[in-house]
Amino acid sequence: MNTRLTRTLGALTAVLAVLFGLAFLGTAATHMLDDGAVCVETDFWHNARLASDRTPGGPGVTATSSTTRLCQEDPSAAQRAADLGGELPWLLFAAVALFLFSRMMKAVVEQGPFTRAVARRLSVLGWFVTAGTPLAGLVVGWSQSWLAGSMDPVVGSGPEVVGAQEFILAGLAAVVMGKIMTEGVRMREDLEGTI
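It should be emphasised that the depicted structure is a prediction, and the values quoted were computed from it without experimental measurement.

The rules behind each value
In every chain, residue numbers begin from 1 and rise along the written sequence. In keeping with the predicted nature of the model, local features appear solely for residues at pLDDT of at least 70, side-chain atom pairs appear and are counted solely at 80 or more, and the whole-chain, interface and lining totals rest on all residues. By convention in this description, side-chain values take in all heavy atoms of the structure and omit both hydrogens and water. A run of DSSP states H or I qualifies as a helix once it reaches four residues; a run of E qualifies as a strand once it reaches two. Both are numbered from the N-terminal end. The contact criterion used is simple: two residues touch if any of their non-hydrogen atoms lie within 4.5 Å. Here the accessible surface of atoms and residues is derived via Shrake-Rupley with a 1.4 Å probe, and residues count as covered only by protein chains that are part of the display. Distance and chemistry together define a polar contact, namely a pair of N or O atoms within 3.5 Å, with one atom able to donate a hydrogen and the other to accept it when in protein, and with adjacent residues in sequence counting only for side-chain atoms on both sides. Ring geometry is summarised as follows: Phe, Tyr and Trp rings, the Trp one being its six-membered ring, pair when their centres sit within 6.5 Å, and such pairs are stacked at plane angles under 30 degrees, edge-to-face over 60 and tilted between the two. Like charges are joined within 9 Å and nonpolar side chains (Val, Leu, Ile, Met, Phe, Trp, Tyr) within 5 Å, but only among residues with over 30% relative accessible area and no salt bridge; these make up the patches. When a carboxyl oxygen of Asp or Glu is within 4 Å of a side-chain nitrogen of Lys or Arg, the pair counts as a salt bridge. The cut-offs for exposure are 20% and 50% of the maximum accessible area for each residue type, with area from a 1.4 Å probe on protein chains only; residues under the lower value are buried, those over the upper are exposed, and the others partly exposed. We call two strands paired when DSSP finds no fewer than two bridges between them. Cysteine sulfur atoms are paired as a disulfide whenever they come within 2.5 Å of each other. In this description, a line fitted to the C-alpha atoms serves as the axis of each element, helices being fitted only across the stretch in contact, and the angle between N-to-C directions of two axes falls anywhere from 0 to 180 degrees. Comment on the angle field: the value is read as roughly parallel under 35 degrees, roughly antiparallel over 145, roughly perpendicular from 65 to 115, and oblique elsewhere. For any pair of crossing helices, the crossing counts as left-handed if the nearer helix is rotated counterclockwise from the farther one by less than a right angle, and right-handed if it is rotated clockwise. Working rule for helices: expected span equals 1.5 Å times residues minus one.

Observations concerning the overall build of the protein chain
At step 1: Along its length, the protein chain carries five helices and four strands.
At step 2: Ordered by position in the sequence, the α and β elements of the protein chain form the string α-β-β-β-β-α-α-α-α.
At step 3: A separation of at least 24 residues holds for 78% of the contacts in the protein chain among residues at least 6 apart in sequence.
At step 4: Of the roughly 11900 Å² that the protein chain leaves accessible, carbon and sulfur atoms contribute 64%.

Now the structure itself:
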């Protein structure tokens, strides 16, 4: 096993975790202190026909909209918080996932790859990614939905999950690999005990 590569990867992920954590804190602080408009995009009116006098092109051309951008010039504190809910969950999710990965890499460097500590940290990382991905997507989706509904009640609001949910599969794979590694470590310890 190449320990230099493992150390470098562990250090790089630790630095990235700190950077994402700082981005989380910086984004939260600047958005709450900002007095500008908050905007959100909604696809509530997707496939809505545009007015005939606003249709681009010549006669016989029809146009439909796909997304609409709504902006509130003087947002309330709740609207500003909902705007933050559209960005912060993914930053926090990335910071924690990278931190957990760097802790796992540290255990690999210190104890080797096939130990109980590495298997346990891999399982923790897997469970975090498996549960955190849909949770972050739900917070982001619901925040954006509520923000759009607060600007135009016709849109309404409700639970939505947005973002790449494919990470759930990676998280489940990490959980399974952690369980396999735990069983492998137990079998190796049993074998060493009988010899």
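More follows now that the structure is in view.
Re the side chain of Thr13
At step 1: Among the secondary structure elements, Thr13 is positioned in helix α1 (residues 3-33).
At step 2: There is a polar contact of 2.9 Å between the side chain of Thr13 and the backbone oxygen of Gly10.
At step 3: Once residues lying within four places of it in the same chain are set aside, the contact partners of Thr13 are Leu98, Phe101 and Ser102.

Looking at the packing of aromatic side chains
At step 1: Applying the stated criterion across every chain yields a total of two aromatic pairs.
At step 2: With 5.4 Å between their ring centres and 15° between their planes, Phe93 and Phe128 make a pair best called stacked. On the criterion of sequence distance, the pair formed by Phe93 in helix α3 (residues 88-111) and Phe128 in helix α4 (residues 116-151) is long-range, its members being 35 residues apart.
At step 3: Cluster of aromatic residues (ring-pair linked, three or more members): Trp90, Phe93 and Phe128.

Focus on a nonpolar patch on the surface
At step 1: On the surface, Leu9, Leu12, Val15, Leu16, Val18, Leu19, Leu22 and Leu25 cluster together into a nonpolar patch covering about 720 Å² of accessible area.
At step 2: One can find Leu9 in helix α1.
At step 3: Residue Leu9 is classed as partly exposed on the basis of its relative accessible area of 36%.

Topic: the pairing of strand β1 (residues 38-42)
At step 1: Taking every second residue as pointing to the same face, the buried face of β1 carries Val38, Val40 and Thr42, while none of Cys39 and Glu41 on the other face is buried.
At step 2: Relative to strand β4 (residues 68-72), β1 runs antiparallel, the two sharing five bridges. Its bridge partner being in β4, Glu41 is matched across the sheet by Arg69.

What about the state of the cysteines?
At step 1: A complete count under the given rule lists one disulfide for this structure.
At step 2: The disulfide that involves Cys39 links it to Cys71, with 1.9 Å between the sulfurs. Here Cys39 and Cys71 share a disulfide; its torsion about the S-S bond, 110°, makes the bridge right-handed. Of this pair, Cys39 sits in strand β1 while Cys71 sits in strand β4, and the two are 32 residues apart along the sequence.

What about the packing of α1 against helix α2 (residues 77-85)?
At step 1: At a closest axis distance of 10 Å, the pairing of α1 and α2 adopts a crossing angle of 155°. In terms of orientation, α1 and α2 fall into the roughly antiparallel class. Classified by chirality, the crossing of α2 by α1 is right-handed. In contact with Thr27, Ala28, His31 and Met32 of α1, α2 contributes Arg80, Asp83 and Leu84.

Structural notes on α1
At step 1: Compared with the 45 Å implied by 1.5 Å per residue over 31 residues, the 45 Å span of α1 between its first and last C-alpha is a close match.
At step 2: Listed in full, the buried residues belonging to α1 are Thr6, Gly10, Thr13, Ala17, Thr27 and His31.
At step 3: Of the surrounding secondary structure, the elements contacted by the buried residues of α1 are α2 and α3.

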